[in-house]
Amino acid sequence: MIYSLLVLSSPFSGHCSRTAAAFAHCVITRGHTVRRVFFLDAGTLASAANSVSAQDEDTSMKDWAELANQHGVELAICITSALKHGMLDQVEADRNERPFPTIDSLFMMSGLGQLVDAYANSDRLITFGG
Amino acid sequence: MILHTLNASPSSSAFEDCLKTIAEGDAIVLMGDGVYAAIAHTEVSRVLEDTGAALYVIADDAMAAGVLNISAAVSSIDISGFVVLTETFPLQQAWY
Amino acid sequence: MTAVTKKTILIVLRHSPYGSGLAKAALNTALASAAFDQSLDLLFMGNGVLQLQPDQDGRVKGVKDVGRQLASLPLYDINHVYVDAQAVERYNMDLSKSPVEIRRLDGPEIRQLMICYDHLLGF
């Protein structure tokens, strides 16, 4: 089956964002396809390249990195939410006269049309919020 | 049939709204703050049992929260078990 | 982008308009879905019904008015708007001036509605 994930949870409160990453891994392990993971609202903070965690805390970044690098899963962040949360790629940094990009290059700036494309072409849409 | 995922405590409006729509034949996965609804011998766990829905809790989330006295009606699953449920249920509603 | 497949979706709006970014995220998702020709309905449930509160004025706080944005819904191809009747009652809301036609549903009717779609998007 084809799955898409919608992640609304911030990676900095609760562990829902990490659950979403683990879920995507298991979907692939079980022989399904992940068409896209779409990050919206506070979910876009998962792309924060410069977030520094306490030494004894894990972040979800390495889980997302493995999905993107090993399995080629598309990690799409909603551009409107991302910009509001200070998440910019090189193009947006240049366009908005900010000194440097703030998102990890694993993530792709996208419009909400990519969320529509994801659910329209998936058998399952699983939402992670809260 | 609907797979409900609850990521909010039993005193939340999310829980209230979830209960309003859940029916026999559905399944509910308790995660994050939702794991507190799995605590045995509580009013909340009895309410959940009465829905006739299949009840699950994400084991790691329950363990992280120190919820060890899980109601006998609630099955502990890992993330892979969660994925298996989504294979069976065509619809998921996230309550949070 | 071409969303070649057409799905039926229900967007479930459960949060108050200004307490988080979720109301706006849901509304933008609804507008994008309509723009890409999907078949969608909206359901306001629990605190989500507060998004329909008349006489909102977000400008007072320098934010975009969720109520005003909702008023633009009829311009898009959104089929039906449903509300949780119990929540409307709880907040003693007057929906008579609503810019869109709204159908009130009780709990069992909400459930009946939810199982009619390809996907549920819970905000």
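For the structure given in this document, a descriptive report is provided here.

1. Description of the sheet that holds strand S4 (residues 74–77) of chain B
Residue and element names in this part refer to chain B. With parallel pairing, the five strands of this open sheet are ordered in space as S4-S3-S2-S1-S5. What marks the edges here is a single partner per strand, and that holds for S4 and strand S5 (91–95). Between one strand axis and the next, the sheet turns through 25° on average, direction left out of account. In the sheet, strand S2 (residues 27–30) pairs with strand S3 (residues 54–58) via four bridges, with the strands oriented parallel. Bridging from a neighbouring strand, Ile28 pairs with Leu55 of S3. Across the sheet, helix H4 (residues 79–88) touches strand S1 (2–6), S2, S3, S4 and S5, and the angle it forms with S2 is around 155°.

2. Here we look at the nonpolar core
Judged by nonpolar contacts, the single largest core of 105 residues is most densely connected at A:Leu5, B:Leu30 and C:Ile11. The residues touching B:Leu30, leaving out its near neighbours within four places in the chain, are B:Leu6, B:Val35, B:Ala37, B:Ala38, B:Tyr56, B:Val57 and B:Ile58.

3. Details of the interface of chain B and chain A
Accessible area lost upon the coming together of the parts is a frequently used measure of interface size. At the junction of the two partners, chain B supplies 14 residues and chain A supplies 16 residues. Put simply, the parts of the chain that give the side of chain B that touches chain A at least two residues each are H4 and S5 of chain B. Take the side of chain B that touches chain A: its biggest share by element is six residues, from H4(B). Residue composition of the side of chain B that touches chain A, by class: seven nonpolar, five polar and two charged.

4. Things to note about unusual backbone geometry
Located in the positive-phi region is B:His41, a residue other than glycine, with phi close to 55°. Relative to the helices and strands, B:His41 resides in the loop between S2 and helix H2 (43–50). Its 9 C-beta neighbours within 10 Å are what place B:His41 among the exposed residues. Here the phi dihedral of C:Asp37 falls at roughly 70°; this positive angle occurs in a residue that is not glycine. Mapped onto the elements of the fold, C:Asp37 is located in the loop between helix H1 (22–35) and strand S2 (39–44).

5. Comments concerning the interface of chain A and chain C
Every contact between the two is made by 19 residues of chain A and, on the other side, 18 residues of chain C. Listing elements by their share of the side of chain A that touches chain C, those giving two or more residues are helix H3 (79–84), helix H5 (113–120) and strand S5 (124–128) of chain A. Here the side of chain A that touches chain C takes seven residues from H5(A), the largest share from any one element.

Reading the values: the criteria
Residues numbered from 1 in each chain as written. Chains lettered and ligands numbered in written order. Predicted model: local features only at pLDDT ≥ 70, side-chain atom pairs only at ≥ 80, totals over all residues. Pairing = 2+ DSSP bridges. Helix = DSSP H or I, 4+ residues; strand = E, 2+ residues; numbered from the N terminus. Axes fitted to C-alpha atoms, helices over the stretch in contact; angles between N-to-C directions. Contact = placed C-beta atoms within 7 Å. Core = buried A, V, L, I, M, F, W, Y, C linked by C-beta atoms within 7 Å. Buried ≥ 20, exposed ≤ 12 C-beta atoms within 10 Å, placed from the backbone. Nonpolar A, V, L, I, M, F, W, Y, C, P; charged D, E, K, R; others polar.

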